[in-house]
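# Breakdown of the fold
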Amino acid sequence: ERGRACLRWHGLTRESIQQTPATEPGTTTNTESTMPTIKALRVENFKAVRAVDIEPDGRQIVILGGDNAAGKTSVLDAIAGALAGKKALPSEPVHRGEDRGCVVIELDDGITIRRTLTRKEDGSTGGTLKVSTADGMSPSGGAQKWLDRRIGAMTVDPLAFLHKDDKAQAEQLRQVAGIDTTDIDATIKELRADRTLKGREVKRAKGAAEVAPRYADAPDVAPVPAVVSASAIVAKVDAAVATVQASEEAARTLQAARDAVARGEEAVAGLDQEMAVIEEEIARLMAKIEAIKGKRSTYVAALDVRKAAVVEAENAAITAAAAVVDPTPFRLQLNALEATNAAARKEAAQVAEQVKANARADALQADADALQAEYDALSAAIATAEQDRATLIASAALPVDGLGLSDDGVVLFGGLPFSQASQAQKMRVSLAIALAGTDENGIRVALIRDASLLDDKSMQLVAELAAEMNAQVWLERVGSGDDGAVVIVDGSNL
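Described below are features of the structure shown in this document. Computed from a prediction, not measured in an experiment: that's the story for all the values here.

Glancing now at the overall build of the protein. Counting its regular elements, the protein contains 12 helices and 12 strands. A compact globule built from 494 residues should have a C-alpha radius of gyration of about 23 Å, whereas the protein, at 60 Å, is more than 25% larger. Considered along the principal axes of its C-alpha atoms, the protein spans approximately 190 × 60 × 45 Å. Expressed as a percentage of the 494 residues in the protein, the buried residues total 39%. Partitioning the intrachain contacts of the protein with sequence separation of at least 6 by distance along the chain shows that 74% fall at a separation of at least 24.

Following this line, the structure appears as structure tokens:
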């Protein structure tokens, strides 16, 4: 029954709706507007609204008054939801305790928009949308698509836009103007990150190249040390050592012979002593004397041989001593040669290290140069991407002349940050953004929430801008003191 009542316009006839009462004091009309605005609004069971019926009577400023939580915001949400559809509808649009709600908007060009909302068993919301002309015809191609072309950025709240931060303002302006720099921004961000890393590598590489030791007098190739061979001198040393060893061996042989003679002499002396004893006992030991004589003769013969060996060993020792060569000079020469060769090797090693150091320095410088080239290439790519973004922004149809976007994502007006604009300029720009993006038959409606923040001067400015822009502005303000305000009480103005 409530749904049928909503579609019956709460008992009002079309003739009564189309009548335009006189303008109330403090309101502004624009009879020359070629773009439609809201002529009548019917809302039922939408959020906090139970039943609201509003006819602006040609007013360009429609003030919704009432206490907090009375349903003022719900009325604005109903307008946005009815025109913009799902993207503007709240998650639970149907009034609590009801199964069905609806919003009906009649424009002053004869177009009627009816959006019904139904609560499903699973808690989600369904509904229908119907758009019809004065003669009952519906637009082709889908009702919502047709509306989307006509409402533009109507869901942008001008006052809320003013209170957004720089990035949020820039993002909303991009959306309104259809500027999509997502890919370019991502590319620039990635390139800047890569360039930052590359810059650090360049700095490290240049630092390493600067502190790397370099020797201006060093050759390009490490030299081979000029080392003199010691083999000839070593052979002489070995030969000299051999003579010394031969002399020492001859001396040992002579000593051994002498020792043998001494031992023989000791033996002969012992025998002589023994013979003397035996001679005293000749009688008793004659036989033994003869044996000892034989033994003595044997020892004497051996002693002669040994004496001859001593003579021969003496002669050999004399000959060996005469052939002795002192190896000391050769050892000194060898030591001196090794010192010379060590110095040559050390000098060659030092030069080789210098060559290596120069090669390392050249490699470090080459790395630094290559990294610098990569850094410069990234800078060029960033500049190209930024130019592409600037071209894209410059080619976009922005709502107000002088409006733009900086490279760092700040809204500009007249070349200066938007935050530096005057209050009148800010309001003009934000209202223009809210009205932007429509075709030649666009619906010129803007919604302002929390309008209680606007003082009388700002309210007058909004009224002047609405007249200037051929727009209709709906505002919500706490209280009922505004002239011509539609006061909402407990979800209704009936």
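Bridge count for strand β5 (residues 112-119) against strand β6 (residues 125-132) is eight bridges, and the pairing is antiparallel. Bridging across to β6, T112 finds its partner in S132. Connecting β5 to the antiparallel partner β6 that follows it, the hairpin turn spans five residues, and G123 within it adopts a positive phi of roughly 95°.

One finds L403, V473 and L475 to be the most contacted residues of the largest nonpolar core, which totals 44 residues. Sequence-distant contacts of L475, that is, excluding residues within four places in its chain, are made with I61, V62, I63, L64, I448, A451, L454, M459 and V462. In terms of nonpolar packing, the next biggest core, distinct from the first, is built from 35 residues, F46, L76, L107 and L147 among them.

The next point concerns helix α3 (residues 72-84). Counted at 1.5 Å a residue, the expected span for α3 with its 13 residues is 18 Å, and the 18 Å between its end C-alpha atoms agrees. For α3, a buried count of 12 out of 13 residues is recorded, marking the element as mostly surrounded by other parts of the structure. Within the span of α3, buried status applies to K72, S74, V75, L76, D77, A78, I79, A80, G81, A82, L83 and A84. Positive backbone phi, approximately 80°, marks G85, located one or two places after α3.

Pairing is antiparallel in the open sheet, where three strands are placed in the order β7-β8-β9. On the outer flanks of this sheet lie β7 (403-405) and β9 (416-417), each paired with one strand and no other. Pairing of β7 with strand β8 (residues 411-413) involves three bridges; the strand directions are antiparallel. Paired with G404 across the two strands is L412, which belongs to β8.

The next point concerns unusual backbone geometry. The bulk of non-glycine residues show a negative phi, and the bulk of peptide bonds are trans. Residues other than glycine seldom take positive phi values, yet A69 does so here, at roughly 65°. Along the polypeptide, A69 turns up in the loop between β3 (61-65) and α3. Residue D490 is not a glycine yet carries a positive backbone phi of 50°. Mapped onto the elements of the fold, D490 is located in the segment after β12 (486-487). Exposure remark for D490: the relative accessible area of 57% places this residue in the exposed category.

A word on the environment of V400. Summarising the element assignment, V400 is placed in the loop between α10 (328-395) and β7. V400 sits in the buried class, given a relative accessible area of 14%. On a C-alpha basis, the gap between V400 and E190 in space is 32 Å, while along the polypeptide they are 210 residues apart. Once residues within four sequence positions are removed from consideration, V400 is found in contact with F413, V429 and A432.

The next subject is the pattern of salt bridges. Here the structure, examined in full by the defined rule, presents 19 salt bridges. Here R174 ties to E171 by a salt bridge, and the two come within 3.6 Å at their closest N and O atoms. Placement of both R174 and E171 in helix α6 (residues 166-177) is noted, with a separation of three residues, approximately one turn of the helix. Take E171: its relative accessible area is 38%, and that puts it in the partly exposed class. Measuring nitrogen to oxygen at the nearest pair gives 2.2 Å for the salt bridge that ties R192 to E386. Separated by 194 residues along the polypeptide, R192 in helix α7 (residues 182-211) and E386 in helix α10 bring together distant segments of the chain. Bridged by salt links that share partners, the residues K47, D77, D157 and R449 form one connected network.

Turning our eyes to something else, we now look at the pairing of strand β2 (residues 49-54). A regular strand places its side chains so that they alternate between the two faces of the sheet. Most of β2 is tucked away, with five of its six residues classed as buried. Pairing between strand β1 (residues 38-46) and β2: five bridges, direction antiparallel. Bridge pairing links E44 to A51 in β2. The turn linking β1 back onto β2 is made up of two residues, and K47 within it adopts a positive phi angle of 50°.

Paired through their backbone hydrogen bonds, the strands of a sheet run either parallel or antiparallel. An order of β2-β1-β4-β5-β6 is seen for the five strands of this open sheet, with the pairing classed as antiparallel. At either end of the open sheet lies a strand with only one pairing partner, and these are β2 and β6. Strand-to-strand twist across the sheet, computed as the mean angle between neighbouring axes with direction ignored, equals 10°. Of the pairings in the sheet, the one linking strand β4 (residues 100-107) to β5 comprises seven bridges and is antiparallel in character.

This next bit is on α7. The α-helix advances 3.6 residues per turn, and as a result positions three or four apart in sequence lie on the same side. For α7, spanning 30 residues, the distance from its first C-alpha to its last is 43 Å, which sits close to the expected 44 Å at 1.5 Å a residue. Among the structural elements, α10 are those in contact with the buried residues of α7.

A few words on the packing of helix α11 (residues 423-434) against helix α12 (residues 456-468). Following both chains from N to C, one finds α11 and α12 inclined at 45°, their axes separated by 10 Å at the closest point. Considering their axes alone, α11 and α12 lie oblique with respect to each other. Seen along the crossing, α11 lies across α12 with a hand that is right-handed. Of α12, the residues touching α11 (which contributes Q423, A424, M427, R428 and L431) are L461, V462, L465, A466 and E468. Of the residues belonging to the contact of α11 with α12, the class tally is seven nonpolar, one polar and two charged.

Rules used in this analysis
Residues numbered from 1 in each chain as written. Predicted model: local features only at pLDDT ≥ 70, side-chain atom pairs only at ≥ 80, totals over all residues. Heavy atoms only, no water. Helix = DSSP H or I, 4+ residues; strand = E, 2+ residues; numbered from the N terminus. Rg over C-alpha atoms; globule rule 2.2 N^0.38 Å. Buried < 20%, exposed > 50% of the residue type's maximum accessible area, 1.4 Å probe, protein only. Contact = heavy atoms within 4.5 Å. Pairing = 2+ DSSP bridges. Core = buried A, V, L, I, M, F, W, Y, C linked by side-chain atoms within 4.5 Å. Expected span 1.5 Å × (residues − 1). Salt bridge = Lys/Arg side-chain N within 4 Å of Asp/Glu carboxyl O. Axes fitted to C-alpha atoms, helices over the stretch in contact; angles between N-to-C directions. Parallel < 35°, antiparallel > 145°, perpendicular 65-115°, else oblique. Left-handed = near helix turned anticlockwise from the far one by under 90°. Nonpolar A, V, L, I, M, F, W, Y, C, P; charged D, E, K, R; others polar.

Worth remembering: the numbers are spatial, not functional.
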